Amino acid sequence: MEKGKGGAAAGGGGGGKLLLSTILDAKDELEERLERCVGVVTALTNGVSEREANDALNAHVCKGAPQHEEICLGLFTLVLTEPAQAQKCYRDLALVSRDGMNIVLSKINQILMEKYLKLQDSCRTQLVWLLRELVKSGVLGADGVCMTFMKQIAGGDVTAKNIWLAENVLEILTEQREWVLKSNILIAMAVYTYLRLIVDHHSTPQLQALRQKEVDFCISLLRDRFMDCFMIGRDLVRLLQNVARIPEFEQLWKDIIHNPQVLSAQFTGVLQLLQLRTSRKFLACRLTPDMETKLLFMTSRVRFGQQKRYQDWFQRQYLSTPDSQSLRCDLIRYICGVVHPSNEVLSSDVLPRWAIIGWLLTTCTSNVAASNAKLALFYDWLFFSPEKDNIMNIEPAILVMNHSMKPHPAITATLLDFMCRIIPNFYPPLEAHVRQGVFNSLTHIVEKRVLAPLAPLFDNPKLDKELRAMLREKFPEFCSSPSPPIEVKIEEPVSMEMDNHMSDKDDSCYDNAEATFSDDEEELNSKGKKREFRFHPIKEAIVEEPVDITPFLDQLDESLKDKVLLLQKGSDTEAQCEVMQEIVDQVLEDFDAEQLSILASCLQELFKAHFRGEVLPEEVTEESLEESVGKPLYLIFRNLCQMQEDNSSFSLLLDLLSELYQKQPKIGYHLLYYLKASKAAAGKMNLYESFAQATQLGDLHTCLMMDMKACQEDDVRLLCYLTPSIYTEFPDETLRSGELLNMIVAVIDSAQLQELVCHVMMGNLVMFRKDSVLNILIQSLDWETFEQYCTWQLFLAHNIPLETIIPILQHLKYKEHPEALSCLLLQLRREKPSEEMVKMVLSRPCHPDDQFTTSILRHWCIKHDDLLAEHIKSLLIKNNSLPRKRQSLRSSSSKLAQLTLEQILEHLDNLRLNLTNTKQNFFSQTPILQALQHVQASCDEAHKMKFSDLFSLAEEYEDSSSKPPKSRRKAALSSPRSRKNVAQPPNNEEESASSSASEEEETKPKPTKRKRKGSSAVGSDSD
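The shown structure was predicted, so the numbers you read here are calculated from the model rather than taken from an experiment. (Residues numbered from 1 in each chain as written. Predicted model: local features only at pLDDT ≥ 70, side-chain atom pairs only at ≥ 80, totals over all residues. Heavy atoms only, no water.)

## Digging into the overall build of the protein
Defined as follows: Put simply, DSSP marks the helices as runs of H or I at least four residues long and the strands as runs of E at least two long, and each gets a number from the N terminus on. By definition in these notes, contact holds between two residues if any of their heavy atoms fall within 4.5 Å. Using a 1.4 Å probe, accessible areas were evaluated by the Shrake-Rupley method; residue-level cover was limited to the displayed protein chains.
The helix and strand tally for the protein stands at 57 helices and 0 strands. Long-range pairs, those at least 24 residues apart, make up 74% of the contacts in the protein with a sequence separation of at least 6. Counting every atom, the protein has about 45300 Å² of accessible surface; 51% of that belongs to carbon and sulfur.

As structure tokens, then:
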């Protein structure tokens, strides 16, 4: 028990005896179940002698499999939570277990893979103690648990808890060496794990002591059982290179190179090892389950361009310390060798592998780690053989070079330089083999059209001359003529399956900034908003093969096995539905929850066809909808709808769905479809929330967005069909951001847009609300042109006052946001101008090519001249009365609104020029002339000179005041609308023109009243 003293050192947190939790966390189901099992054991053993307790436990175990499992799990939990009783409980466990501890081993693996990070420190200590006991007892399957423990030892992490785990597992492996030697795979996995960890353990005396133990352990296994370690493949050489300066490994290297037969008669030399590709299981073992889950999530569910928050989280969690830099190699090797996305994922806009690798390279803070990361990226290139190796292992390197050329040319240059220099420098005696390996890689890349041709990459003008010369020297076959090449845009026609256009989002492919477009692409296309195309491997036609579920069947109970076989043989849907109902009934009556995963695997395999093609019937009628929800798999949904949510059967079915969801993510949107389409599910849409919380994601928003994304990729008609229900049932998840809206407008056509607009106007659908609409419209500014037009059409279908979103004007640039500007302009022309609207319009910077402000002011001049004149007068006087230095600090509803006097005058001058040679007499109105005169009296000479033509209007007004009868009548006749302004002139116009501050205050209430009146009259203009 003393071995574990380091484990609980940093104790604590709240929660149960087993898992840490906060008061906000729901009670963990696994923990609840284990506590119930402890209760059963305690009830049988409390207050009786040891012999009576043993008899009671044995008697209970004999009753059947569920009772046997209860006792085993109860005793197992007591070992973890009651250290004082651990020895006795383990002894009892060994006595009562009838399955060779299989239940316990399975539960340990589950806890290590799913709950280890939440496990109480004392329980971690006990778990290691239990592993030691299992190994001592020689329990069959303990080697698998040992490998899962090793997977939890994180690379690049020298925190106390991680070092404690590494040290304790190493002690078990060292003490039980004879047991270790019985398992070839355990030998290889242990050597691979600890060879990698040696690199991290160097900074303190304690770490150096641990490092020496790791060195001794690895050397002894490498020398005694080299051919067992040989199965690791070429990555064994990579790890041995990293520790080559340690004396013991230096000697080993001499034997590998000069005397390989000393290690094994079957070993011919280092080339033999380098030509063997490393198995995925070794590359995966150096990522903890949590790291692996997060990476797989990013490469399968995160949309390209939206990865920044996920990468930031990963960076904070795992890559924020100097020691953690060594982890980058493990991540890159894992991405290249293990993460091989399906054609479906590759053809979607899911975050590609090269973008994650680019991010890992650009955020590297250590030169040594950067060199090792580049080697990890190119490692499979060096001895690539098309017959033995996989194109997916070498694809990320070429794509990260290609896509980095525009946004990060330095990354492309350093990778190309590395590729050239590694050939002679990796291992000089094998230079010819390395050259051939790299040549094979490039040839295979061109043949498979991952990137074809390579000349635009190798001969790119952005690379310096020396590098381009070196590339031409090393790879003349892949370069164009020696004459200086022109930069080629990769835009040649390519096969339907593979598009090699440079990604439009390359600028932000590593997501250190918001998605933007490169200068080159803006030259190519001033809008810079094309659809993004990336390389996709050739999609093979789906060939229906007989489903083989034999491996799963063997693990099922006999009765369930027979039913699954019947399901497989079922000739029609009705027969399959009957069998499916029987399976569901058996699951609810008497079922081993451990078999849920196996049953889910069977169902997922049997009903693969359910998840292909479109779900929604071609013609949507009540009959066709009911027929479409009659699939056998949907019987699980039907049973769920018929249950009470607090029922244990309800939880069991949710667990089954959760298992299915892990294996087939499309089940999520199929459930949404069933809840919407089936009469049996009327009013039960909230069941989806229970389903989302039961999944591994455990979060409604994340689950809903992922399911709608999957739906968007598979069936756009279904997406539109579900949209009204999703927005209505889950407003907090859908209306607070533009994520779902973007999914919808990215794929709908004009007919589907019109259908959604009708839903909005009939009151069936609300896609915007006042508190979040402005933020969503601002988000939409980065979307495609058609997507933005759809968004504005949908917004305009809602009855939301335009003043709610008018502050968006401050974000709109005339070159970058023409879609939003044109939509807003057309909507503003329908409105009576309020002072806030006029202020926002005038706040736009003046530019000769930006006609927005002049256009809307001209329209308002024609339709609402008196109202506009009052607002402009008010704004001019307000801006003129404040000190100039305070003008930049003022704001209204938007913090960005910084209206200056000069801006107003510039816009008015543009309007004056536009109205020249027209019959419009906007500038002859008294409020405008009074305001101009007021500004002229106090502004500096520079402004007077700049706007002399504008101010001359006010001078004419001033001069004409001495002859009121003639000039005033003329002005009145020229503009009927201005008569009311002139009908009651001030007693002394001279005084009015140079009015005091108190008189200015008196003019303010008028525009305020008009503003209220104007803002309420939405859409009053017949235009």
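Alright, that's what it looks like, and here's the rest.
## Re the nonpolar core
Taken as a class, soluble globular proteins show a tendency for nonpolar side chains to be buried jointly. In plain terms, the rule: In this description, a nonpolar core means a group of buried Ala, Val, Leu, Ile, Met, Phe, Trp, Tyr and Cys residues linked to one another through side-chain atoms lying within 4.5 Å. Think of it in three bands: with a 1.4 Å probe and only protein chains considered, a residue is buried below 20% of the maximum accessible area for its type, exposed above 50%, and partly exposed in between.
The biggest cluster of nonpolar side chains holds 314 residues, and the ones touching the most others in it are Phe-249, Trp-381, Ile-398, Phe-458, Tyr-673 and Tyr-688. The leading source of residues in this core is helix α10 (residues 184-198), at 11 residues.

## Considering the packing of aromatic side chains
Using the following cut-off: Aromatic rings from Phe, Tyr and Trp, with only the six-membered ring used for Trp, were paired whenever their centres fell within 6.5 Å, and each pair was classed as stacked if the ring planes differed by under 30 degrees, edge-to-face if by over 60, and tilted otherwise.
By the definition in use, this model includes 26 aromatic pairs. Ring centres 5.3 Å apart and planes at 85 degrees place the aromatic pair Phe-922 and Phe-923 in the edge-to-face group. Look at Phe-923 and you get buried, because its relative accessible area is 10%. Among the aromatic residues, those joined into a ring-pair cluster are Trp-313, Phe-314, Tyr-318 and Trp-359.

## Topic: the pattern of salt bridges
Rule in force here: Salt bridge, as applied in this entry: a Lys or Arg side-chain nitrogen positioned within 4 Å of an Asp or Glu carboxyl oxygen.
For the structure shown, the criterion picks out 44 salt bridges. The partner of Arg-223 in a salt bridge is Asp-255, with the nearest N and O atoms 2.9 Å apart. Taken together, the positions of Arg-223 in helix α11 (residues 205-224) and Asp-255 in helix α14 (residues 247-258) put the pair 32 residues apart, joining distant regions of the chain. Under the relative-accessibility criterion, Arg-223 is labelled partly exposed at 27%. Asp-255 gets classed as buried once you look at its relative accessible area, which sits at 13%. A salt bridge links Arg-717 to Glu-614, with the shortest nitrogen-to-oxygen separation between them at 3.5 Å. Taken together, the residues Arg-717 in helix α39 (residues 716-729) and Glu-614 in the loop between α32 (596-606) and α33 (622-628) connect sequence positions 103 residues apart. What makes Glu-614 partly exposed here is its relative accessible area of 48%. Here the salt bridges share partners, and the residues they tie into one network are Arg-234, Asp-235, Arg-238, Arg-277, Arg-333, Asp-380 and Asp-389.

## Notes on the packing of helix α35 (residues 648-663) against helix α37 (residues 687-694)
Defined as follows: All axes here are fitted lines through C-alpha atoms, helices being fitted over the stretch that makes contact, and every angle between N-to-C directions spans 0 to 180 degrees. Whether a crossing is left-handed or right-handed is set by the direction in which the near helix is turned from the far one by less than a right angle, anticlockwise for left-handed and clockwise for right-handed.
As a packed pair, α35 and α37 sit with axes 9 Å apart at the nearest point and diverge in direction by 65 degrees. Here α35 and α37 pass one another in a crossing that is right-handed. Counting all contacts with α35, which are made through Phe-650, Leu-654, Leu-657, Ser-658 and Tyr-661, the residues of α37 involved are Leu-687, Ser-690, Phe-691 and Ala-694.

## Things to note about helix α7 (residues 142-151)
Summarising burial for α7: 8 of the 10 residues are buried, a large majority. Considered for burial, the residues of α7 that qualify are Ala-142, Val-145, Cys-146, Met-147, Thr-148, Phe-149, Met-150 and Lys-151.

## Focus: the confidence of the model for the protein
Keep this limit in mind: Each residue carries a pLDDT value, the predictor's own confidence for that position, ranging from 0 to 100.
Taken residue by residue, the protein gives an average pLDDT of 80. The fraction at 70 or more is 82%. Confidence, read as mean pLDDT per element, is least for helix α28 (residues 519-524) in the protein (36) and greatest for α10 (96). Contacts from residues 884-897, a stretch scored under 50 in pLDDT, to residues over four places away or in other chains number 30 contacts.

## Brief notes about a negative patch on the surface
Our working definition: Patch membership is restricted to residues that have no salt bridge and whose relative accessible area is over 30%. Joining uses 9 Å for like charges and 5 Å for the nonpolar side chains Val, Leu, Ile, Met, Phe, Trp and Tyr. In this charge count, Lys and Arg are treated as positive and Asp and Glu as negative; neither His nor the chain ends contribute. Think of each charge as sitting on NZ of Lys, CZ of Arg, CG of Asp or CD of Glu.
There is a patch of like negative charges on the surface, built from Asp-572, Glu-574, Glu-578, Glu-582, Asp-585 and Glu-589. Along the chain, the position of Glu-589 falls in helix α31 (residues 573-589).

## Describing α11
Quick note on the threshold: A helix is expected to span 1.5 Å for every residue after the first.
Over its 20 residues, α11 extends 29 Å from the first C-alpha to the last, a length consistent with the 28 Å expected when each residue adds 1.5 Å. Residues Leu-207, Leu-210, Glu-214, Val-215, Phe-217, Cys-218, Ile-219, Leu-221 and Leu-222 constitute the buried set of α11. Residues of α11 that are buried in the fold lie against α8 (160-175), α9 (177-180), α10, α12 (226-230), α13 (234-242) and α14.

## Quick notes on the packing of helix α19 (residues 327-337) against helix α21 (residues 353-362)
Stated precisely, the cut-off is as follows: Just so you know how the angles are binned, under 35 degrees is roughly parallel, over 145 roughly antiparallel, 65 to 115 roughly perpendicular, and the rest oblique. In this classification, the charged set is Asp, Glu, Lys and Arg, the nonpolar set is Ala, Val, Leu, Ile, Met, Phe, Trp, Tyr, Cys and Pro, and all remaining amino acids, among them Gly, are polar.
Here α19 crosses α21 at 170 degrees, and the two axes come no closer than 10 Å. By the angle between their directions, the pair α19 and α21 is classed as roughly antiparallel. Taken together, the residues of α21 that come into contact with α19 (itself represented by Arg-328, Leu-331, Ile-332, Ile-335 and Cys-336) are Arg-353, Ile-356, Ile-357, Leu-360 and Leu-361. Within the contact of α19 with α21, the residues separate by chemical class into 8 nonpolar, no polar and 2 charged.

## Quick look at the environment of Asp-200
Here Asp-200 is to be found in the loop between α10 and α11. Ignoring anything within four residues of it in the chain, the contact list for Asp-200 reads Gly-155, Gly-156, Asp-157, Val-158, Asp-323 and Ser-326.

## Section: the environment of Leu-633
Position of Leu-633 among the secondary structure elements: in the loop between α33 and α34 (634-641). Under the relative-accessibility criterion, Leu-633 is labelled buried at 1%. Counting along the chain gives 57 residues from Leu-633 to Gln-576, while the straight-line C-alpha distance between them is 9.2 Å. Here Leu-633 is in contact with Leu-603, Phe-607, His-610, Phe-611, Leu-660 and Ile-667, once residues within four sequence places are set aside.

## Here we look at unusual backbone geometry
One non-glycine residue with positive phi stands out, namely Met-101, at about 70 degrees. Within the fold, Met-101 resides in the loop between α4 (86-96) and α5 (102-115). Looking at Met-101, the relative accessible area reads 5%, which means it is buried. The phi angle at Arg-449 is positive, at roughly 55 degrees, despite the residue not being glycine. Positionally, Arg-449 belongs in the loop between α25 (431-447) and α26 (455-458).

## Brief notes about the environment of Thr-288
Looking at the element boundaries, Thr-288 is found in the loop between α16 (280-285) and α17 (289-300). Judged by relative accessible area, which is 7%, Thr-288 ranks as buried. Linking Thr-288 and Thr-148, residues 140 residues apart in sequence, is a C-alpha distance of 9.2 Å.

## Some thoughts on the state of the cysteines
The cut-off we apply is this: Criterion for a disulfide: a pair of cysteine sulfur atoms at a distance within 2.5 Å.
Under the counting rule described, the total for this entry stands at 0 disulfides. For Cys-420, which is in no disulfide, the shortest distance to another cysteine sulfur is to Cys-479 and amounts to 8.9 Å. Residue Cys-420 is classed as buried on the basis of its relative accessible area, which comes to 1%.

## With respect to the side chain of Ser-601
Position of Ser-601 relative to the elements: it lies in helix α32. The contact partners of Ser-601, leaving out residues within four places of it in the chain, are Phe-552 and Lys-663.

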